[in-house]
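Letter by letter, the chains look like this.
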Amino acid sequence: MPPTVEYIEEIKDIWDSHWLTNNGVKHNNLEAELQHYLHVPNVTLFSNGHLALETTM
């Protein structure tokens, strides 16, 4: 586990935005970083595999 101070600093922008679900700051940053890292035009994050499979159907 990281030190509490380090963890609090990491989630401060989430707490300040009051956005704790999908399409928040961290969510969007992770999608953008994955797109860049994987060299793909689109990335979509899902909370579980079942939802991802349902979306593809």
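Report on the accompanying structure. Source: prediction; values computed, not measured. (Residues numbered from 1 in each chain as written. Predicted model: local features only at pLDDT ≥ 70, side-chain atom pairs only at ≥ 80, totals over all residues. Heavy atoms only, no water.)

This part takes up helix 2 (residues 25–38). What sets the pattern is the α-helix's 3.6 residues per turn: residues three or four places apart point alike. For helix 2, spanning 14 residues, the distance from its first C-alpha to its last is 20 Å, which sits close to the expected 20 Å at 1.5 Å a residue. Looking one or two places after helix 2, you find histidine 39, whose phi comes out positive at around 55°. (Helix = DSSP H or I, 4+ residues; strand = E, 2+ residues; numbered from the N terminus. Expected span 1.5 Å × (residues − 1).)

Turning our attention to a nonpolar patch on the surface. Taken together, the side chains of Tyr37, Leu38 and Val40 present a nonpolar region at the surface, about 320 Å² in accessible area. Topologically, valine 40 is positioned in the loop between helix 2 and helix 3 (49–56). (Patch = residues over 30% accessible without salt bridge, like charges linked within 9 Å, V, L, I, M, F, W, Y side chains within 5 Å. Areas by Shrake-Rupley, 256 points an atom, 1.4 Å probe, with all protein chains shown as cover. Salt bridge = Lys/Arg side-chain N within 4 Å of Asp/Glu carboxyl O.)

Next up on the list: the pattern of salt bridges. The final tally for this structure, using the stated rule, is 3 salt bridges. Note that lysine 12 and aspartate 16 form a salt bridge whose closest N and O atoms lie 2.9 Å from each other. Here lysine 12 pairs with aspartate 16, and both are found in helix 1 (residues 4–17), just 4 residues apart, close to one helical turn. Classification of lysine 12 by relative accessible area gives partly exposed; the value is 43%. In this structure aspartate 16 comes out as partly exposed when scored by relative accessible area, which is 46%. Between aspartate 13 and lysine 26 there is a salt bridge, with its nearest N and O atoms 3.9 Å apart. Here lysine 26 lies in helix 2 and aspartate 13 lies in helix 1, a separation of 13 residues in the sequence. Taken together, the salt bridges that share partners define one network made up of Glu10, Asp13 and Lys26. (Buried < 20%, exposed > 50% of the residue type's maximum accessible area, 1.4 Å probe, protein only.)

Glancing now at the environment of glutamate 31. Looking at the secondary structure, you find glutamate 31 in helix 2. With relative accessibility at 14%, the residue glutamate 31 sits in the buried group. When sequence neighbours within four positions are dropped, the list of residues in contact with glutamate 31 reads Val43, Thr44 and Leu45. (Contact = heavy atoms within 4.5 Å.)

Okay, the environment of threonine 44 next. Structurally, the position occupied by threonine 44 is in the loop between helix 2 and helix 3. By relative accessible area, which is 52% here, threonine 44 ends up exposed. Distance from threonine 44 to isoleucine 11, taken between C-alpha atoms, is 21 Å for residues 33 residues apart in sequence.

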